[in-house]
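# Remarks on the overall topology
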Amino acid sequence: MEAPDLDRWISGVQFWRSASQMKQLPRSDIPEIAIAGRSNAGKSTALNVLCHRKKLAFASKTPGRTRLINVFSLLYKEAELGRLVDLPGYGYAQVDKATQRAWEVELARYLAHRENLAGLILVTDCRHALGPLDVQMLDWFGPRRLPVHVLLTKADKLTRQEQQQALSKAGRIVREQEEAWGGAVSVSLFSGLARTGRDPVLQAMSSWMGLLGDEAAEI
Ligand SMILES: Nc1nc2c(ncn2[C@@H]2O[C@H](COP(=O)(O)OP(=O)(O)OP(=O)(O)O)[C@@H](O)[C@H]2O)c(=O)[nH]1
Ligand SMILES: [Mg+2]
């Protein structure tokens with residue numbers, strides 16, 4: 001299936017608000033898609049590229065740049081169809097272990113309890129995809145039985161053959177963990193630099209938000 005409808009409505013993305021702690025985010029019924037991953041994995045870049053924007057989310061060469069939870073609204077004809085949440089990365093080596101751990105716990109709590117979560121985009125560098133911290137996040141998220149899309153980013157750093165190897169390896173890990181991760185887990189290659197690989201993730205997002213049926217056709 002193509003993703004032209006989503007491509008149209010994703011251009012209605014707008015910054016909504018920032019929070020330093022999950023509990024500052026108000027309860028909501030609007031479907032929320034979280035973008036999580038290791039520090040420096042390429043989350044903010046992926047968000048910008050997915051939305052066809054240059055500086056919607058702040059991407060940086062300095063790891064740990066996203067320290068706030070930044071929430072974006074997906075607006076279409078004044079209706080808010082969903083939200084995208086750009087999360088600070090985990091595993092940021094420049095902060096002490098206790099601070100790292102505190103953030104991981106906070107994130108785990110959000111993934112486990114946020115009522116309006118519709119799915120998770122897990123951004124992971126395709127050169128060392130699905131490392132232990134990523135697996136831990138998915139273990140925590142698994143009981144929700146919500147869908148996950150693993151985005152193997154920085155694909156431009158690999159040859160075509162290596163990309164395929166990375167994809168197979170990630171697919172293997174996902175299949176091995178199927179039981180624990182409950183919800184549907186899809187995997188695809190992506191490059192923020194080359195701006196490639198948008199369609200599979202946009203399709204996943206639109207289906208999570210219930211936009212692949214009549215509503216999408218109408219849009
Ligand atoms: N080559 C290449 N570099 C990328 C890609 N995506 C991101 N980067 C680079 O990786 C670095 C980190 O990117 P960000 O998007 O800020 O990563 P992040 O996951 O949001 O990082 P934190 O917010 O610090 O956790 C930047 O220097 C980006 O330019 C990609 O697809 N290919
Ligand atoms: Mg970021």
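Our subject in this report is the structure included herewith. What you see is a predicted model; the values in this text were computed from it and never measured.

## Some remarks on the pairing of strand β6 (residues 148–153)
Consecutive side chains of a regular strand alternate in pointing toward one face of the sheet and then the other. Of all the six residues making up β6, six are buried; the element is thus mostly covered by neighbouring parts of the structure. Across the two faces of β6 the burial is the same, with Val 148, Val 150 and Leu 152 and His 149, Leu 151 and Thr 153 all buried. Pairing between strand β5 (residues 117–125) and β6: six bridges, direction parallel. Paired with Val 123 across the bridge in β6 is Leu 151. In terms of strand pairing, β6 meets strand β7 (residues 185–189) through five bridges, oriented parallel. The residue bridging Leu 152 from the neighbouring strand is Leu 189, located in β7.

## Describing the pairing of β5
Of all nine residues that make up β5, eight are buried, and the element is covered over most of its length. With six bridges connecting them, strand β2 (residues 32–37) and β5 associate as parallel partners. The partner of Ile 33 across the bridge, within β5, is Gly 119. Assessed by its sense of winding, the connection that carries the chain from β5 through helix α4 (residues 132–141) to β6 is right-handed.

## Overview of the environment of Lys 169
Structurally, Lys 169 is set in helix α5 (residues 160–176). On the neighbour-count criterion, Lys 169 (15 C-beta atoms within 10 Å) is partly exposed. Separated by 137 residues in sequence, Lys 169 and Glu 32 place their C-alpha atoms 29 Å apart.

How each quantity is defined
- Residues numbered from 1 in each chain as written.
- Chains lettered and ligands numbered in written order.
- Predicted model: local features only at pLDDT ≥ 70, side-chain atom pairs only at ≥ 80, totals over all residues.
- Buried ≥ 20, exposed ≤ 12 C-beta atoms within 10 Å, placed from the backbone.
- Helix = DSSP H or I, 4+ residues; strand = E, 2+ residues; numbered from the N terminus.
- Pairing = 2+ DSSP bridges.
- Right-handed = clockwise from strand over helix to strand, strands pointing away.

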